[in-house]
Amino acid sequence: MSLRHFQFVTVLAAGLWAVSATSLAAQARPTASQAQALLQARPELLNQLRQGISSSGMNAEQIRARLVAEGYPANLLDQYLGQSTSAAAPSADVFEAVRALGLMSETDLEELMQLNTGTAPRTAAARAADAIAADSGTVIFGLSLFRERSSLFMPNLDGPVDASYRLGPGDQLVLIITGDVELAHTLDVTREGFIVIPQVGQIGVANLTLGELEDLLYVRLGRAYSGIRRGAGATTRFSVSVSRLRSNQVFVAGDVVAPGSYRVTSAGTALTALYAAGGPTMQGSLRAVEVRRGGTLVSTLDVYDYLLRGDGAKDVRLRQGDVVFVPVHGRRARIYGAVTRPAIYEVKAGESLADLVRAAGGLTATATRRRVVIERILPAADREMGRERAVIEVPLAADGTVPALAMEDGDVVHVPGIADRVRGRVVVNGHVWSVGSQGYTPGLTLEDALKRAGGVKPDAYLGTVHVSRLRADSTRVQLRATLRDTTGATVAPLALQEDDEITVYSRTAFRPDRYVVISGAVKKGGRFPYRSGMTLRDLALMAGGVEEHAYLTEAEVARIPLQGDAKVTARSIRVPLDSSYLFDIAGASLSGANTSASEFPLEPFDNVLILRDPNWREPRSVQLFGEVRFPGRFTLLSRSERLSDVIKRAGGLTGEADPDGAYFARLVAAEEIKRLQESQARRVMMVSDTVDSAAAAKRAFDGVGDRIRVGVDLQEALRERGRSDDLLLEHGDSIHVPKLLQTVSVRGGVNAATALAHAGKRLGYYIDAAGGTTERARSRRAYVIQPNGKIESRRTVLGFIKLDPKPRPGATVVVPERGDVLPATNTLANISIVTQLVASLAAIVALSR
């Protein structure tokens, strides 16, 4: 076995033996479907579980083999060895194995465990509510110890253990002998409770402490190795330690969150089992936890000894079959107010008010230390209707000592605190160097208080300083004084009184929020604070400089007029600029001393617009695809460059090009595409009887994404520059010239939609060749989409002479279809039109005769 495999198995085994340290198996669980749904909400946690196990370096078969060798089910981790997404909720064994191996962070593991048990992690709001409840003394002291998952009570899984540890079947020992011989033995305690040491023999160790075993080994090893003896004359020495702890089956019953059977390590104590079961419920006792062994009470644990004094002497180590029983709580009393730990405490018989205050951490510095108030439920014999409770005043000794008054069940103890009001002070606020409270002494004046505060700041408002004075009836009167200078000297002395509040104002606070605005061709336009002496160049610098497309001839400044005019909100000023405003150019004068544009001073609320150069354009390009000699992206050389110009720059068309099928696409805003589609649909509706035709029109409209196809005749464009089909190009245009096709496609309301060889015939020929029209076909509305995107439809002259278009190679013939139901109004209109045509034809025939 490799070292890596040995370490994996050792740690995994130790983790599985420690299942009960934080076992959740006995807790109330959701159904299988609910657990699966919870885990599917956070699949990344299961993925982390799988990744952590796979990172051990062992394959699936090796992991199964080692699990079997250590006595565990071979399929314990099968669900997490692959990439399946249908894994069931992990068991407590899996959680503890992962924790022992350190395969996941504690936070993620705790969250996964909470999902598995159907309990959500506590939110910040819930924790805040707990803190408020703790301050008011409404939480039960000690329960929070068991509510937050941690490794607090997990015993040391790998040793060492103390000399009082009792050995049993399942423990593994390591014996090391040094000196005259150098030996190391790994010794398993068998089911019968003995170990076998080579050259020494069988030794019974069941129920021996580690210290007793060491004494026994001095005797047994001394017989085989003469150098082993006690004292300084020994030439051979040995040491024995526990390398792996066994597990014990224990039971936790009574008022606990999750009563049941748990496996704990042999080093586990009553607190270990209690923590594994979630701790006592709100009705359970923390002061009389019983440990029973074989029906006999062997120990009673008072958790308060551990919590208040750190005394774990009565936290006995558990053995196989032990029962930890939590009875219903005894008498309880609540204490709040000026104590260190306000809470609800369980009170044993004989404990007094002094014991309760001591358990609560004692009185705080804010306690009055003169009295304590107890709200008590009266004895049944003393109660009257509406008089079941009474308040008892308990005076404290002169030194604040709490008397030993006996406590009763349900007592509520309030320790009063001192008043919040602070006496003997004045308060200085506002525009001084040192704001805050000052001690009051008789004869203190306003000037003295301001000098104590370091004086007023240079921009303080000297005209008025307010002094708010508290009256005997708790109302306040407003006084004022005038300062002579910033030292705090007053024009007339003003004597202060206790609780006076002084406020010094700043002139800056009275000023309006003055600013200037810059926009246009600058990098960071917006509002900037106005500073006296600020120039246009300063503002351009604050805005990050001008853009490369800025118009460096002049800028516009909108300024508020000096005299108010309801009809004029601002006046425009044209300010000259030059290239010195391009601050990134080497040698540009930032001061403007060597520039033709003089510095323009700004005033508050100026609005500066840096104009955009109308002649500046970003490089524009078009793309050519298909049957051209040099396809690719071409940069437009001028605004007047046309389609034929770019085709020539690309070397012209190849011999296999089909200019009639050229596809010309242009970038169009999405809103414009929608508008064109709706317009096309309306045009079709004007000559159609069904809504289906409008939908077909939208499908026939050749817009792709943010591009729209434009029908052009490339042959006409190349024949003579400047013709209507020789379009002026724009940025983003694309032209695709396909290979020459010799077919015509027929689709829509025909019996056999197909592609036919181009025969140079008109529209009707191809419809007949496709099997003719269907019953729903509207053959009179048939049209041709030519390869260049242009649409040609059937035309009727004098009502009966049909002029069909002639499809070109690569064209598509479309025969629209009727809807299932024709609107009645359109049907009546058609009948009316036909009737009028028949009457007109009859009149023409009569006149001709």
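Residue indices follow the written sequence of each chain, beginning from 1 at its first position. Thresholds applied to this predicted model are a pLDDT of at least 70 for local features of residues and 80 or more for the giving and counting of side-chain atom pairs; totals over whole chains, interfaces and linings are not thresholded and use all residues. The side-chain values count all of the structure's non-hydrogen atoms but skip hydrogen atoms and water molecules.

## Details of the overall build of the protein
Selection criterion: For helices the rule is a DSSP run of H or I covering at least 4 residues; for strands it is a run of E covering at least 2, with both sets numbered from the N terminus onward. Accessibility here uses a 1.4 Å probe with only protein chains present; expressed as a share of the type maximum, an area under 20% marks a residue as buried, one over 50% as exposed, and anything in between as partly exposed. The contact criterion used is simple: two residues touch if any of their non-hydrogen atoms lie within 4.5 Å.
Within the protein, the regular secondary structure consists of 21 helices and 38 strands. Going through the 849 residues of the protein one by one, you find that 39% of them count as buried. Sequence separation of at least 24 residues holds for 63% of the intrachain contacts in the protein that already meet a minimum separation of 6.

## Focus on the nonpolar core
Formally: Remark: nonpolar core denotes a set of buried residues (Ala, Val, Leu, Ile, Met, Phe, Trp, Tyr, Cys) joined through side-chain atoms within 4.5 Å.
Ranked by internal contacts, the top residues of the largest apolar core, which has 51 residues, are Ile335, Tyr345, Leu353, Val413 and Val415. At six residues, the largest contribution of residues to this core is made by helix H10 (residues 270–276). Setting aside anything within four residues of it in sequence, one finds Val413 in contact with Arg334, Ile335, Tyr336, Leu353, Leu356, Val372, Val373, Ile374 and Met407.

## Quick notes on the pairing of strand E4 (residues 201–204)
Threshold: We call two strands paired when DSSP finds no fewer than two bridges between them.
Pairing between strand E3 (residues 194–197) and E4: four bridges, direction antiparallel. Within E4, the position partnered with Val196 by the bridge is Gln202. The turn linking E3 back onto E4 is made up of three residues, and Gln199 within it adopts a positive phi angle of 70 degrees.

## Topic: the environment of Arg723
Where we set the bar: Throughout this description, a polar contact denotes any pair of N or O atoms lying within 3.5 Å of each other; where both atoms belong to protein, one of them has to be capable of donating a hydrogen while the other can accept it, and for residues adjacent in sequence the pair is counted only when both atoms sit in side chains.
By the element assignment, Arg723 lies in the loop between helix H19 (714–719) and strand E31 (734–737). In the structure, Arg723 is positioned 81 residues away from Arg642 in sequence and 10.0 Å away in space, judged by C-alpha atoms. With sequence-adjacent residues up to four places away left out, Arg723 is seen in contact with Arg642 and Glu716. Polar side-chain contacts of Arg723 include one of 3.1 Å to the side chain of Glu716.

## Structural notes on the pattern of salt bridges
Put simply, the test is: Note on definitions: salt bridges are taken to be side-chain nitrogens of Lys or Arg within 4 Å of carboxyl oxygens of Asp or Glu.
By the definition in use, this model includes 33 salt bridges. Among the ionic pairs, Arg719 bridges to Glu716, the shortest N-O distance being 2.3 Å. Pair noted here: Arg719 and Glu716 are both in helix H19, with a separation of three residues, about one helical turn. Given a relative accessible area of 53%, Arg719 falls into the exposed group. Judged by its relative accessible area of 21%, Glu716 falls in the partly exposed class. Through salt bridges that share partners, Arg287, Asp302, Lys348 and Glu351 make up one connected network.

## Looking at the packing of aromatic side chains
Counted only if it meets this: Centre distance within 6.5 Å is the pairing criterion for rings of Phe, Tyr and Trp, where only the six-membered ring of Trp is used; planes under 30 degrees apart are then read as stacked, over 60 as edge-to-face, and the remainder as tilted. Charge over a ring is defined by NZ of Lys or CZ of Arg lying within 6 Å of the ring centre and within 35 degrees of the ring normal.
Applying the stated rule across the entire model yields nine aromatic pairs. Both rings, one in Tyr515 and one in Phe605, keep their centres 5.2 Å apart while their planes meet at 85 degrees; by these two values the pair is edge-to-face. With a gap of 90 residues between them, Tyr515 in strand E21 (residues 515–520) and Phe605 in the loop between strand E24 (571–576) and strand E25 (607–610) connect regions that are remote in the sequence. Tyr515 gets classed as partly exposed once you look at its relative accessible area, which sits at 22%. Ring geometry for Tyr765 versus Tyr766: centroids 5.1 Å apart, planes at 85 degrees, classification edge-to-face. An aromatic cluster is built from Phe141, Tyr304 and Tyr345, whose rings are joined through pairwise contacts. Arg334 extends its terminal NZ or CZ atom over the ring of Tyr336, reaching a point 4.6 Å from the ring centre.

## Quick word on unusual backbone geometry
Positive phi is not limited to glycine here, since Ser474 has a value of about 75 degrees. You will see that Asp499, though not glycine, has its phi angle at about 75 degrees, which is positive. The topology assignment puts Asp499 in the loop between strand E19 (476–481) and strand E20 (501–506).

## A few points about the side chain of Ser621
Its place among the elements puts Ser621 in strand E26 (residues 621–626). Residue Ser621 is classed as buried on the basis of its relative accessible area of 8%. Excluding residues within four positions of it along the chain, Ser621 makes contact with Arg633, Phe634, Thr635, Leu636, Glu730, His731, Gly732 and Asp733.

## Focus on the side chain of Arg537
Tracing the chain through its elements places Arg537 in helix H15 (residues 536–542). In terms of polar contacts, Arg537 uses its side chain to reach the side chain of Glu599, at 2.6 Å.

## Some points on the sheet that holds strand E34 (residues 783–785)
Backbone hydrogen bonds are what pair the strands of a sheet, in a parallel or an antiparallel way. Heads up, the rule is: Throughout, an axis means a line fitted to C-alpha atoms (over the contacting stretch in the case of helices), and angles, computed between N-to-C directions, take values from 0 to 180 degrees.
With respect to topology, five strands assemble into an open sheet ordered E33-E32-E38-E34-E35, the strand pairing being mixed. This sheet does not close on itself; its edge strands, each paired only once, are strand E33 (754–757) and strand E35 (791–793). Shown here is a sheet whose adjacent strand axes are inclined to one another by a mean of 25 degrees, direction ignored. Looking at chain direction, E34 and E35 are connected through three bridges and run antiparallel. Bridged to Tyr783 within E35 is Ser793.

## What to know about a nonpolar patch on the surface
Put simply, the rule reads: For patch building, the residue pool is restricted to those with more than 30% relative accessible area and no salt bridge; the joining distance is 9 Å between like charges and 5 Å between nonpolar side chains (Val, Leu, Ile, Met, Phe, Trp, Tyr). For accessible areas, the Shrake-Rupley method is used with a probe of radius 1.4 Å. Any residue's cover is judged against the shown protein chains and nothing else.
On the surface, Val797, Leu798, Phe800, Ile801 and Leu803 cluster together into a nonpolar patch covering about 480 Å² of accessible area. Within the fold, Ile801 resides in strand E37 (residues 801–803).

## Some thoughts on the pairing of strand E9 (residues 296–301)
Bridge count between strand E8 (residues 289–293) and E9: five bridges; the pairing is antiparallel. Its bridge partner being in E9, Val291 is matched across the sheet by Ser299. Between E8 and E9, which pair antiparallel and follow one another directly, the connecting turn spans two residues, one of which, Gly294, has a positive phi of 65 degrees.

## Quick word on helix H9 (residues 210–224)
As a reminder of what qualifies: Under the convention used throughout, the expected extent of a helix is 1.5 Å for every residue step, that is, one less than its residue count. What the bend at a residue measures is the angle between two axes, fitted to the seven residues ending there and to the seven starting there.
A rise of 1.5 Å per residue sets the reference length of H9, with its 15 residues, at 21 Å; its end C-alpha atoms lie 21 Å apart and thus fit the reference within 8%. At Leu217, H9 shows its maximal kink, close to 25 degrees. Residues of H9 that are buried: Leu210, Leu213, Leu217 and Leu221. Considering only its buried residues, H9 is in contact with strand E1 (172–178), E3, E4 and strand E5 (237–244).

## A word on the sheet that holds strand E16 (residues 425–430)
Here five strands make up an open sheet; going across it, the order is E17-E16-E20-E18-E19 and the pairing mixed. One side of each edge strand has no neighbouring strand; the edge strands of this open sheet are strand E17 (436–439) and E19. Each strand axis lies, on average, 25 degrees off the axis of its neighbour in the sheet, ignoring direction. As judged from the six bridges shared by strand E18 (residues 460–470) and E19, these two strands associate in the antiparallel manner. Each residue of the ladder has a partner; that of His466, found in E19, is Arg480.

## Some thoughts on the confidence of the model for the protein
Basically, it comes down to this: Residue-level confidence of the predictor is summarised by pLDDT, bounded by 0 at the bottom and 100 at the top.
Of all residues in the protein, 73% attain a pLDDT of 70 or more, and the chain-wide mean is 79. Of all the helices and strands in the protein, helix H1 (residues 3–17) carries the lowest mean pLDDT, 36, while strand E10 (residues 323–326) carries the highest, 96. A low-confidence stretch, residues 1–32 (pLDDT under 50), is modelled with 89 contacts involving residues beyond four sequence positions or located in other chains. This model gives residues 820–826 a pLDDT under 50, and the stretch forms seven contacts once residues within four places in sequence are excluded.

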